[in-house]
Amino acid sequence: MNGLRTDIRFGLKLLASRPGFTAAAILTLALGIGSNTAVFSVLNGYLLKPLPYPDGEQLVQVDESEPKSGLVYGQMSIPIYFGIRENVTAFTSSGLFKAHSYVIESKGASARVTGAQVTPSVFAVLGVEPLLGRTFATTATEPGRGDELVLSYAFWQRRFGGDSNILGATIRIAGEAYRVVGVMPKGFAFPDQSVAFWKPWTIAAADRSMENVFSFSPHMIARYRPGVNAATAYRQLNEVWAALGPEPARQAKAGIIAFTLTPWRQIIGGDKSTTVLLLQTAVLFLLLITCVNVANLLLARILGRTHEMALRAALGASRWRLARQLVIEGLCLALPGGLFGIALGWWSLSFFAGSAIGPGNAIFSIAPDWRVAGFAVVVVALTGLIVSLLPLWHLGRTDLQGALQEGARMSAGRGARRVRQVLAVTELGLATVLLVGSGLLLHGLVRVEAIDPGYQLENVLLADIGVPSNEYETPAARVAFYHEVQRRLAALPGVKTVGLTSVLPFENPSHVSEFAVHGSRQGNPSVYIQTVNKNLFNSLNIPLLRGRGFDGRETADSRPVVVINRKLAQAAFGNADPLGQQIQVGDNAWRTVVGVVPTVKTNSLSRPIDRGTAYLPLAQGEPMRSMGLTLETTGPAAGVIGPLHEAFEQMDSSVVLYNVKPIHQRMLETLDQREATMSLVLVFGGIALALAFVGVYGVLSYSVRQRANECGVRLALGAVPRDLLWLIFRDGLTLLVFGLGIGLVVAVALGYLASSQLFGIAPFDPATLAGVAIVLSVATLLACYLPARRAARSDPVDALHAE
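Given the structure is predicted, the values throughout are model-derived calculations rather than measurements. (Residues numbered from 1 in each chain as written. Predicted model: local features only at pLDDT ≥ 70, side-chain atom pairs only at ≥ 80, totals over all residues. Heavy atoms only, no water.)

Caption draft 1: Looking closely at the packing of aromatic side chains. Scanning the model with the defined rule gives 20 aromatic pairs in all. On the basis of an interplanar angle of 75° and a centroid distance of 6.1 Å, the ring pair of Y53 and F188 is categorised as edge-to-face. Residue Y53 is located in the loop between helix 2 (19-48) and strand 1 (59-66), and its partner F188 is located in the loop between strand 8 (176-183) and strand 9 (195-200); the two are separated by 135 residues in the primary sequence. Ring pairing ties together the aromatic residues Y53, F123, F136, F188 and W198, which thus form one cluster. (Phe/Tyr/Trp six-rings, centres within 6.5 Å; stacked < 30°, edge-to-face > 60°. Helix = DSSP H or I, 4+ residues; strand = E, 2+ residues; numbered from the N terminus.)

What follows is the structure in C-alpha cells.
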C-alpha cells in the first residue's frame, strides 16, 4: 500500500514538472470523455431508461399499412379497431387516441393548448391511476355523454394553481362545456408532455359501420398480454380481416392492406434514436483519437525516460513495479481529464435539451442517472489503460541493462518510430471518418434545402387561428366567420392575398381517408383531405395544371367539387383526363374533379410524398375550429405580424392567433434536427482534424530531432536544403496516404449503415470524399512545414563534431 501511494505521489510530481504537457493531455482527454458522457446521457434517455409507465416495453402502436408500397398510415379506422378488440387476444387492453390543438375558455380567458381525445380504455392500457378523482366512465364514448375531462398535473398547477376543488369545475373547449373528473399524477404524460388534458373519444354507431373501414383518424395503442410476442399478435391480427368482411379480406389477401406493430418507445422517439446512435458513434471515434493522441505524447516522453527506468530497475524495481508506475501515470491523466470531461458533458446537456436532438415534448428524460455515471467511470478507466498501453509496450521491449550501461538516453529504435507513425496514421484515419461523415451530412442538408417544395417561399406569412366561441357552433357559422377573416385581412396594408387551409405548409396532414373512383372498383385506400378557400393556391403561388380552382361559386347547396394534386390524379386515373371525373373522399358525396394542381411538400422537405391530396372548397368541406392562414404580402412577411394581431383583436378577441411565422422559417424548422446533427458531427470532425494535425506534427518533429545528425551529415556531403524538405514532406505524405486511404474505406462502409441520415447522397460521394482529401492534405502539409524547415536548417558542423 505504501508503495502504491509512493507511485501515485511520484506520478503526480512528474506530471506537475511538465505543466504544459499535462494540461494539453488533460484537456484532450476531457474533450473525448465529455462528449461521450453528454451524448450517452441522451442515448440513455431514449433507449435505456424505462418508460414512465408500468411495464412500458409491453406497449405497442397498431397501424394499418400498405405492404406493396411500404407505407405505414400511422392511423387506425374505428371499425377495424373494434374488430381487433373482439378477435385478438394477444393484447390485454387497447385504446384509441389523437392529440389536437384546442382553444379553451376558463375563468373568462381564452388560450390555445394541446389536448387529446382518448377512449376510456387508454388509461387502463397505460396502467396509471389518477392523482385526484377518476378517469372516464366506460359510457363516456357514447354520443351526448362525453362531457368529462381529465387534466394533466402540469396544466392543473399552471392554469388553476393546484386548486384541490378543481373536480366538478367547468371548462369550455372549442365552444363545448366539459366537467373536470380527474387529475393525473405528476410526471404522467401521453402521448407527449405538451398534452394538457384528455377528453373522451365519442363514437357513434355510424362510426363503427363497415362503410368507414378505410376512414383513418385515430391512433391505436395496445398492451401485449404477458408471454405473448409480436409473431403471435401478427397471426391473430391477420385473421381479423376475414372477420371484417369480404372486401377487407380481399385487399389483405392481395397485399393491399396489412397491420404494423411498432414499439411505443420507437413511436415517441421517432428517428431521434437513430440520430443519437450516429452521434454516439462519432464521439466514440473522437475518444479514440484523443486516446491515440495522448498515448503518442506519453510514448514520446517514455522514450526520453529509458535511462531513468533502467536506473530504477538496477536499484531493485521489478518490471511489474515499473509497469504499475506507468499505468498510474496514465490514470493520473485520465482521472482529472475524466472529471473535467464529465463536468463539461453534464453542463452541455442543457444545450442538447434545447436543441432539435433533445426530447422536446417527448416523455424521455436525458438527466444523468446511475447508467451515465457507470458509463463515465468505465470510460475514464479504459482511457487510462489505453493511454498506458504504448508506454507499457515500450517498457516490455527495452533492454534495461543495456540502457544503463550506455549511461545516457537511448535514441528511439526503429520499432518505436514505427509505432508513432502507426498512431499518426490511426489519427488521420479516424479524422477522415468523422470529416467524411460531416461532409456527407452537410451535402445532404444542402441538397434538401435546394428542393422546391412547390410553395412560394418569399413574402408569405403563416399562422394558425383557433375559434372558441359558441357563436361559430355550426359549419355555416364558421364558414361565414372565415369569409369575414378573409375580407378583413385582405384590407390590411401590405397584404396581397389571404388563403385559408386546414393544413399549413410543413405540417403533418391529419385527415386521411379512403377514396373511390366512380364506376371503378380500383381505389387507393388512403388520401389526404385538405379544406381550403378559393385563394389558397394563389397565396402560395401553386399553379393550376388543368381545369380551374375554386372561384366562389362553391356553396353548401351547389354541386360538390374537388381539386386534386398530380399524385392523386395519376393514382386514380393514370394517363386519362381527370377533369369531369367523379371521386368520393371522406364522405358519401360524389365530387366532380374541376382542377389539378402540382404535388407539393406537405410536412418536410426530406420526407417523400407518400399519398395524393384532395382539396375541398371551404363551404363544402369541414371548416374546423382551427384553420391555417397563408398571407401573401407585398413586402417582407414579418412586417404584417403586428397589424394581423390588431385585426383579430378588433374582429373577435376570443379568437386565438398562434404560430405566426414566415413560411421560410417554418421550412427551416423542419430541418432543425438534421442541421443540429450535421453541426455536431462537423464540430467533432474539426476537433479530430486538429488532433490529427498535432499528432502528425509531433511524429515528424520528434523524427527530425532524432535525425538531426543525419540531416547535418547529408548537408555536409552536398545535399541542399530542398532535399531535406522533401525528405520530411515525403514522410508526412506517406502517413497521409495510409491514413486517408484507410479512413475513406471505413467511412464509406459506415456511410451505408447510416444511409437513413443521408438525403439522396451516396456514401461514396466523389465531391465529399475529394473535399475531405483536400482538407486533410492541406492540414498534413502544414504539419510537415515546421519540422521540415528545422531539418533544412541543420548545422553540418555540429553534426560532424557529433559523429
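Here the narrative resumes.
Caption draft 2: Fine view of the environment of F40. Structurally, F40 can be placed in helix 2. With 331 residues separating them in the primary sequence, F40 and R371 have C-alpha atoms 9.2 Å apart. If near-sequence neighbours (up to four positions away) are discounted, F40 is found in contact with L48, Q280, R371, V372 and F375. (Contact = heavy atoms within 4.5 Å.)

Caption draft 3: Quick peek at unusual backbone geometry. With an omega of -10°, the peptide bond between F190 and P191 qualifies as cis. Within the fold, P191 resides in the loop between strand 8 and strand 9. For D55, which is not glycine, the phi dihedral falls at a positive 50°. By the secondary structure assignment, D55 is in the loop between helix 2 and strand 1.

Caption draft 4: Representation of the nonpolar core. Within the largest apolar cluster, 126 residues are counted, with the highest numbers of intra-cluster contacts made by Y53, V118, F188, F190, W198, W264 and L333. Broken down by element, the residue count for this core peaks at 13 residues, all from helix 15 (residues 414-449). If near-sequence neighbours (up to four positions away) are discounted, F188 is found in contact with Y53, F123, L126, V128 and W198. (Core = buried A, V, L, I, M, F, W, Y, C linked by side-chain atoms within 4.5 Å. Buried < 20%, exposed > 50% of the residue type's maximum accessible area, 1.4 Å probe, protein only.)

Caption draft 5: Looking closely at the pattern of salt bridges. Here the structure, examined in full by the defined rule, presents 15 salt bridges. Here R548 and E554 are joined by a salt bridge, their closest N and O atoms 3.0 Å apart. Overall, E554 belongs to the buried group, its relative accessible area being 10%. One salt bridge connects K661 with E669, and the closest N-O pair in it is separated by 2.9 Å. Accessibility expressed as a relative area gives 33% for E669, which makes it partly exposed. The network of salt bridges with shared partners includes R548, D551, R553 and E554. (Salt bridge = Lys/Arg side-chain N within 4 Å of Asp/Glu carboxyl O.)

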